[in-house]
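Structure assessment
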Amino acid sequence: MFTPLSPARADQLKRSYTTRMVPQERIAGVRHQGTPESGDVVVARVLEVGQHTRLEAPDGRRQTLFPGDEIMVCFANRYAPAQYEAVVPEGLGICDLVAAGGVAATALSWHAAKDAPTVIDVIGFACDDLGRKINLEQHRIPSSAPAGLVPVPTDRPHTVVVCGTSMDSGKTTAAAGMIRGLVGGGLDVGAAKVTGTGAGGDVWLMRDAGARPVMDFTAVGMASTYLMSHDRIVDSFVTLTDELYAVGIDVAVIEIADGLFFDETRDLLDDPALRDRCDALVFAAGDAIGAQAGVQLLQGMDLPVRAVSGLLTASPLAIREAQGELDVPVLDLEQLWTADHDLVDGAACRARLEPSSLPMMAPAAAPARRLRTSRAHQLAVEADTAVREETSVRAVS
């Protein structure tokens, strides 16, 4: 059965970030039968507000949710050890909102610090005027390697990959810090997040740091990359990097979500397509032993690990602990902001610019080192908090 959406009802729908690639004019109604698939766009009604009290809109605004609201989100799986484990439900009806960016799924488990998820009732699939259900795959940018071949562009920009021990290890903060420093040094930087769960926080942060363009996997037809095939993950990486390369940037910064023990992450890092496009790798960790283990694992995979960063750099003691066990530098936010590192030294982008055109950013003033470290610590915490999808963390009583 197909129910047309009246203009008034469509105008009241709260659309989510994950649906941002679907033109509003394509959505003509709701179909009430069918088998759910990852990437399907659906219309749902909020039944009970739980952990997610707000829904991120395509433009990044956080829309407050009320019981009875009708929302437009996507079916997808989710893997988030610090938040929710969830899978696409078997049918329409009651399920959960498991990500503020707009992911509908059946929650299997969640972190002890999280409340039960917001409960929604999926009314049906969003459809076009012919009653065909809409999937994000239909509105993706074209694959740059549709036949499975992954040619490496000649004269591509220097490419830095950022990965980490786990979610919330400081990957996006490190990526944004690096972007800020390189842009301040006169370089054109583009950025992409190639895996994860659909949400705009990481995209907005990298854009605010100065990257142009900034893209993520929702542009290649996925609301979440969890349980997608390895070929789809590689396609996401290759297509998004090729889109950045085509713009003519000097440096591409690529973030890979989640941790090294997650199969999706490790398999991508071990794929020849990534190896052929990765000039430097920055590893984010929350503590020294995590940094040591991660660097050892990545070096064992013969990847070009050039630095460690992440949440551990909020602590001078943790930096000293890590540096004592590592053969690569540990870079804090101040070093990333001022481009006080060798992540791009010797890259083709340097040869394109006159040395005089590369004045590295420096703090406006030169306060004591202790004050600068304290400010960097504060900003690291603020930035990491800002990109999280939840509005608060509620302790279990």
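How each quantity is defined
- In this convention, every chain numbers its residues from 1, walking through the sequence in written order.
- Per-residue local features of the predicted model are confined to residues with pLDDT of at least 70, and side-chain atom pairs are confined, for both listing and counting, to 80 or more; whole-chain, interface and lining totals are unaffected and use all residues.
- Hydrogens and waters are ignored; side-chain quantities use all the structure's heavy atoms.
- Secondary structure elements are taken from DSSP: a helix is a run of H or I of four residues or more, a strand is a run of E of two residues or more, and numbering for both begins at the N terminus.
- Only rings of Phe, Tyr and Trp enter the pairing, Trp through its six-membered ring, and a pair is recorded when the two centres are within 6.5 Å. The plane angle decides the type: under 30 degrees is stacked, over 60 is edge-to-face, the rest tilted.
- Exposure categories follow from relative accessible area, calculated using a 1.4 Å probe and restricted to protein chains: below 20% of the type maximum is buried, above 50% is exposed, and the middle band is partly exposed.
- By this rule the span expected of a helix is its residue count minus one, scaled by 1.5 Å.
- The contact rule is simple, with two residues in contact once any of their heavy atoms fall within 4.5 Å.
- Nonpolar cores were defined as sets of buried Ala, Val, Leu, Ile, Met, Phe, Trp, Tyr and Cys residues, with membership established by side-chain atoms within 4.5 Å.
- To define axes, lines are fitted to C-alpha atoms, for helices over the stretch in contact only, and angles between the resulting N-to-C directions are given on a 0 to 180 degree scale.
- Any angle from 65 to 115 degrees is called roughly perpendicular, while one under 35 is roughly parallel, one over 145 is roughly antiparallel, and all others are oblique.
- Note: crossing handedness is left-handed where the near helix turns anticlockwise from the far helix by less than a right angle, and right-handed where it turns clockwise.
- Note on definitions: salt bridges are taken to be side-chain nitrogens of Lys or Arg within 4 Å of carboxyl oxygens of Asp or Glu.
- When DSSP finds two or more bridges between two strands, those strands count as paired.
- Think of pLDDT as the predictor's per-residue confidence, scored from 0 to 100.

Inspection of the secondary structure assignment puts Ala314 in the loop between β18 (305-309) and α8 (316-323). Along the primary structure Ala314 and Gly286 are separated by 28 residues, whereas in three dimensions their C-alpha atoms are 9.1 Å apart.

Two descriptors summarise a pair of aromatic rings, namely the distance from one centre to the other and the angle between the planes of the rings. Counted according to the given criterion, the structure contains six aromatic pairs. Considering the side-chain rings of Tyr79 and Tyr226, the 5.4 Å spacing of their centres and the 50° angle between planes classify their relative orientation as tilted. Of this pair, Tyr79 sits in strand β8 (residues 78-79) while Tyr226 sits in the loop between β15 (214-216) and α4 (230-247); the two residues are 147 residues apart in sequence, bridging distant segments of the chain. Residue class for Tyr79 comes out partly exposed when judged on its relative accessible area of 27%. Accessibility expressed as a relative area gives 15% for Tyr226, which makes it buried. Relative to Phe262, the ring of Tyr79 lies with its centre 3.9 Å away and its plane at 5°, an arrangement referred to as stacked. A residue pair is termed long-range when its members are at least 10 positions apart, and Tyr79 in strand β8 and Phe262 in the loop between β16 (251-259) and α5 (263-269) qualify at 183 residues.

Moving on, we come to unusual backbone geometry. Cis peptide bonds are those with omega within 30 degrees of zero, and the linkage from Arg212 to Pro213 qualifies with -5°. As for its position among the elements, Pro213 is in the loop between α3 (201-208) and β15. Located in the positive-phi region is Leu227, a residue other than glycine, with phi close to 70°. Examined against the element boundaries, Leu227 turns out to sit in the loop between β15 and α4.

In this model helix α7 (residues 288-300) runs 18 Å from its N-terminal to its C-terminal C-alpha over 13 residues, within 8% of the 18 Å that 1.5 Å per residue would give. Packing partners of the buried residues in α7 comprise β13 (158-164), α5, β17 (280-284), β18 and α8. One or two positions beyond α7, positive phi appears at Asp302, with a value near 65°.

With that settled, consider the nonpolar core. In terms of nonpolar packing, the biggest core is built from 45 residues, with Leu269, Leu281, Phe283, Leu298, Val308 and Leu312 touching the most fellow members. With seven residues, α4 is the single largest residue contributor to this core. Discounting residues that sit within four places of it in the chain, Leu298 has contacts with Cys163, Leu260, Leu269, Leu281, Phe283, Leu303 and Val305. Membership of the second largest hydrophobic core comes to 27 residues, among which are Met178, Ile179, Val253 and Ala280.

Let us now look at the packing of helix α2 (residues 171-184) against α3. At a closest axis distance of 8 Å, the pairing of α2 and α3 adopts a crossing angle of 20°. In terms of orientation, α2 and α3 fall into the roughly parallel class. Judged by the sense of rotation from one axis to the other, the crossing of α2 with α3 is right-handed. Touching Thr172, Thr173, Ala175, Ala176 and Ile179 of α2 are Asp202, Leu205 and Met206, all from α3.

What follows covers the pattern of salt bridges. Between side chains of opposite charge, a pair can form as their charged atoms come close. Inspection of every chain in the model, using the stated rule, returns 16 salt bridges. A salt bridge links Arg20 to Asp216, with the nearest nitrogen and oxygen atoms 3.0 Å apart. Within this pair, whereas Arg20 is found in the loop between β2 (14-15) and β3 (29-31), its partner Asp216 is found in strand β15, the two being separated by 196 residues in sequence. Classification of Asp216 by relative accessible area gives buried; the value is 1%. It is possible to trace a salt-bridge network through shared partners that takes in Glu137, Arg140, Arg232 and Asp235.

To continue, consider the pairing of strand β12 (residues 118-127). The side chains of a regular strand alternate, residue by residue, between the two faces of the sheet. Of all 10 residues in β12, nine are buried, a share of seventy percent or more. For β3 and β12, the ladder comprises three bridges, and the chain directions are antiparallel. By the bridge assignment, Arg31 is partnered in β12 with Phe125. Relative to β12, strand β4 (residues 41-48) is paired through six bridges, and the arrangement is antiparallel. Along β12, the bridge assignment pairs Val46 with Ile120. Two elements, strand β10 (residues 93-99) and β12, share five bridges in a ladder whose sense is antiparallel.

Strand order in this open sheet of six strands is β15-β14-β16-β13-β17-β18, and the pairing throughout is parallel. At either end of the open sheet lies a strand with only one pairing partner, and these are β15 and β18. Across the sheet, the mean angle separating the axes of adjacent strands is 20° when strand polarity is ignored. Across six bridges, β13 lies against β16 in parallel orientation. Bridge pairing in β16 places His158 opposite Val251. Docked against the sheet, α3 engages β14 (189-193), β15 and β16, running at close to 165° with respect to β15. Running over the sheet, α7 touches β13, β17 and β18 and is turned about 150° from β17.

Turning our attention to the confidence of the model for the protein chain. For the protein chain, mean pLDDT is 89; residues scoring 70 or higher make up 85% of the total. Scored below 50 in pLDDT, residues 346-377 shows 46 contacts in the model against residues more than four places distant or in partner chains. Below a pLDDT of 50 lies the segment residues 387-397, which in the model reaches 36 contacts outside its immediate sequence neighbourhood of four places, other chains included.

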